[in-house]
Amino acid sequence: MSLRQILLIPDKRLKQKTEMVSSINKNELALIDDMFETMYDAPGIGLAAPQVGILSKIIVMDCAKEEDEKPDPIAMINPEIIWTSEEMRTYEEGCLSIPDFFADVTRPEKIKVRYLDEKSKLIEREADGLLATCIQHEIDHLEGKLFIDYISRLKRERITKKFQKLARLERA
Ligand code: GNR
Ligand code: NI
């Protein structure tokens, strides 16, 4: 197992679409292990493969709420949202690729998602609350979409410029 580097905006790879995973072998399982390790280390409640530079439809999450609650790691391969509720919910989101920036995002409150687990088993499950928010945030990453794409253009441009400047300073 090893930590992978988390890409920050404005890295182009965060804006790209991803490829379906055609079979789940050693490589994919090693990537999933590394993604969990990287997510817990950050720490974060979710991570999508593009955030570590891999353009494949793989996400991992652990939305166990309390510090003392037991871990609840979930890996999803080729996830698709197959139903969303009419009711919406607003949650303050953050992203490991946009550190220290938070904004309210409104999304469907409940969803049904279909995916393959690490054993290539087809799963369908319903999710609500924080897990529903997290799954939607992670699946957006697989489409090259970030949570700042839901906020005002003014705020998005402001935060993007800040990270462009930081990236320039690091290169200099
Ligand atoms: O750690 C994370 N927290 C979070 C909080 C609210 C909504 C979504 C998230 S996901 C984020 C980790 C991340 O960037 N995943 O892509
Ligand atoms: Ni994110």
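Residues numbered from 1 in each chain as written. Chains lettered and ligands numbered in written order. Predicted model: local features only at pLDDT ≥ 70, side-chain atom pairs only at ≥ 80, totals over all residues. Heavy atoms only, no water.

A.B. asks: Quick question: what am I supposed to make of the coordination of the nickel ion (ligand 2) here?
C.D. replies: By definition of the ideal shapes, four donors in a tetrahedron about a metal sit 109.5 degrees apart, and six donors in an octahedron sit 90 or 180 degrees apart. For the nickel ion (ligand 2), every protein donor is listed as Cys-95 (SG), His-137 (NE2) and His-141 (NE2), and the spread of their distances is 2.1 to 2.4 Å. Read N to C, the donor residues that coordinate the nickel ion (ligand 2) are spaced as C-x41-H-x3-H. Linking Cys-95 in the loop between β4 (88-93) and β5 (103-108) with His-137 in helix α2 (residues 129-142), this pair joins segments that are 42 residues apart in sequence. Here the two residues Cys-95 and His-137 agree in accessibility, since each one is buried. (Donors = N, O, S within 2.8 Å, 3.2 Å for Na, K, Ca; no water. Helix = DSSP H or I, 4+ residues; strand = E, 2+ residues; numbered from the N terminus. Buried < 20%, exposed > 50% of the residue type's maximum accessible area, 1.4 Å probe, protein only.)

A.B. asks: When you look at the pattern of salt bridges in this model, what are you seeing that I'm missing?
C.D. replies: Two side chains bearing opposite charge may form a pair once their charged atoms approach each other closely. In total, this model carries 9 salt bridges according to the counting rule given. Its salt-bridge partner being Arg-89, residue Glu-109 comes within 3.9 Å of it at the nearest N-O pair. Highlighted residues: Glu-109 in the loop between β5 and β6 (110-116) and Arg-89 in strand β4, separated in sequence by 20 residues. Glu-124 is the salt-bridge partner of Arg-114, the closest N and O atoms lying 2.8 Å from each other. A residue pair is termed long-range when its members are at least 10 positions apart, and Arg-114 in strand β6 and Glu-124 in strand β7 (residues 122-128) qualify at 10 residues. For Glu-124, a relative accessible area of 48% gives the class partly exposed. Through salt bridges with shared partners, one network takes in Glu-93, Arg-107 and Asp-140. (Salt bridge = Lys/Arg side-chain N within 4 Å of Asp/Glu carboxyl O.)

A.B. asks: Looking at this model, I keep getting lost on the packing of aromatic side chains. Mind explaining?
C.D. replies: Each aromatic ring pair is characterised by the separation of its centres together with the angle its planes make. This structure, assessed with the given rule, holds 2 aromatic pairs. Here the aromatic rings of Phe-36 and Tyr-40 are separated by 6.2 Å at their centres, their planes lie at 20°, and the arrangement is stacked. With Phe-36 and Tyr-40 both in helix α1 (residues 26-41) and 4 residues apart, the pair spans about one turn of that helix. Among the residues examined, Phe-36 registers a relative accessible area of 11% and is labelled buried. Positioned over the ring face of Trp-83 is Lys-112, at 5.1 Å from the centre of the ring. (Phe/Tyr/Trp six-rings, centres within 6.5 Å; stacked < 30°, edge-to-face > 60°. Lys NZ or Arg CZ within 6 Å of the ring centre and 35° of its normal.)

A.B. asks: I keep staring at unusual backbone geometry and nothing clicks. Help me out?
C.D. replies: As a rule of thumb, non-glycine residues mostly have phi less than zero, and peptide bonds are mostly trans rather than cis. Residue Pro-10 is reached from Ile-9 by a cis peptide bond, and omega for that bond is 5°. Mapping Pro-10 onto the fold places it in the segment before α1. The amide bond that connects Ala-42 to the next residue, Pro-43, takes the cis arrangement and shows omega of -10°. By the secondary structure assignment, Pro-43 is in the loop between α1 and β1 (46-48). Phi at Asp-100 is positive, roughly 65°, even though this residue is not glycine. If you trace the backbone, Asp-100 turns up in the loop between β4 and β5. Located in the positive-phi region is Ser-120, a residue other than glycine, with phi close to 65°.

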